[in-house]
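So you can see what is in the structure, the chains are spelled out below.
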Amino acid sequence: MGMPITVEIVDDRAADAIADTFSYFTAVDARFSTYKDDSEISRINQGLPKAEWSEEMQQVLALCAETKQYTNGYFDIRHSGKLDPSGLVKGWAVLQAAEQLAARGYTDFYIEAGGDIEARGHNEHGEPWQVGIRNPFQIEEIIQVIALQDQGVATSGTYIRGQHIYNPHAAGQTIEEVRSLTVIGPTVYDADRFATAAFAMGRAGIAFIERLDGFEGYMVDDTKTATLTSGWETYVTTPA
């Protein structure tokens, strides 16, 4: 998937499950990567007829359309005439992998793909999973640590990949006023898609997250100022 992936299961017998999870991510990458000419999404962008699209692809693209409508168009996977569902598919894939582990009876595990995290149950110490939030101006520094249990978290930002999220309502303009926006949600899928949309909104994105029931957010802007939603601090285990 073009990014580091971590899978941790609190069970000494989980080696096969971990291997299967990485095999699943390999298959997702083969289908959805826009960097592979032979992936299904690339073939769709090259003209593959809709009748030949896989059921999984149709499901993801339908979720993208639903998210676009819910966010008033700020989540949009069409760029320069091509489809790129990356802003949703990563979190979606992590959630699918988590559900596969849960179906096998695992209750305590952690999956991360490029900063998108699904945390279930407890860590090896019997405590909620701890997640560090990076300083977008000095990425080796952790500025917040949050505790998660049966939830997801995702961060959108420009500090690692550069400008890769755009405001669909302001074509050609880069987003300079926000450096990172982290969202906690009921699942990593929801956290990921809404973090992407909120980042595209600029400074207004944190207010969008505030209005979502069951979500919290933490935004760092270009003045190095952090703005957080009203319930964010309930997750923080160390001070900012």
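Attention here is on the structure that accompanies the text. Being a predicted model, the structure only gives us computed values, none of them experimental. (Residues numbered from 1 in each chain as written. Predicted model: local features only at pLDDT ≥ 70, side-chain atom pairs only at ≥ 80, totals over all residues. Heavy atoms only, no water.)

## Focus on helix H1 (residues 15–32)
Here H1 spans 26 Å end to end across 18 residues, near enough to the 26 Å set by a 1.5 Å rise per residue. Looking only at H1, the buried set comprises Ala17, Thr21, Tyr24, Phe25, Val28, Asp29 and Phe32. Considered in projection along H1, the buried side chains sweep an arc of 140° and stay on one side of the axis. Turned more than 90 degrees from where H1 packs its buried face, Ala15, Asp16 and Thr26 sit exposed. Summarising the contacts, the buried residues of H1 are in contact with strand E1 (5–9), helix H2 (40–45), helix H3 (55–70), helix H4 (86–103) and strand E4 (109–113). (Helix = DSSP H or I, 4+ residues; strand = E, 2+ residues; numbered from the N terminus. Expected span 1.5 Å × (residues − 1). Buried < 20%, exposed > 50% of the residue type's maximum accessible area, 1.4 Å probe, protein only. Arc of directions from axis to C-beta. Contact = heavy atoms within 4.5 Å.)

## Concerning the nonpolar core
Grouped together as the largest cluster of nonpolar side chains are 37 residues, with contacts concentrated most on Ile9, Phe25, Leu88, Trp92 and Ile111. Going through the elements one at a time, E1, H1, H2, H3, H4, E4 and helix H5 (188–200) are the ones with two or more residues in this core. Among residues more than four places away in sequence, those in contact with tryptophan 92 are Tyr24, Phe32, Glu56, Gln59, Val60, Leu63 and Tyr189. Within the second largest apolar cluster, 18 residues are counted, among which are Val178, Ala191, Ala198 and Met219. (Core = buried A, V, L, I, M, F, W, Y, C linked by side-chain atoms within 4.5 Å.)

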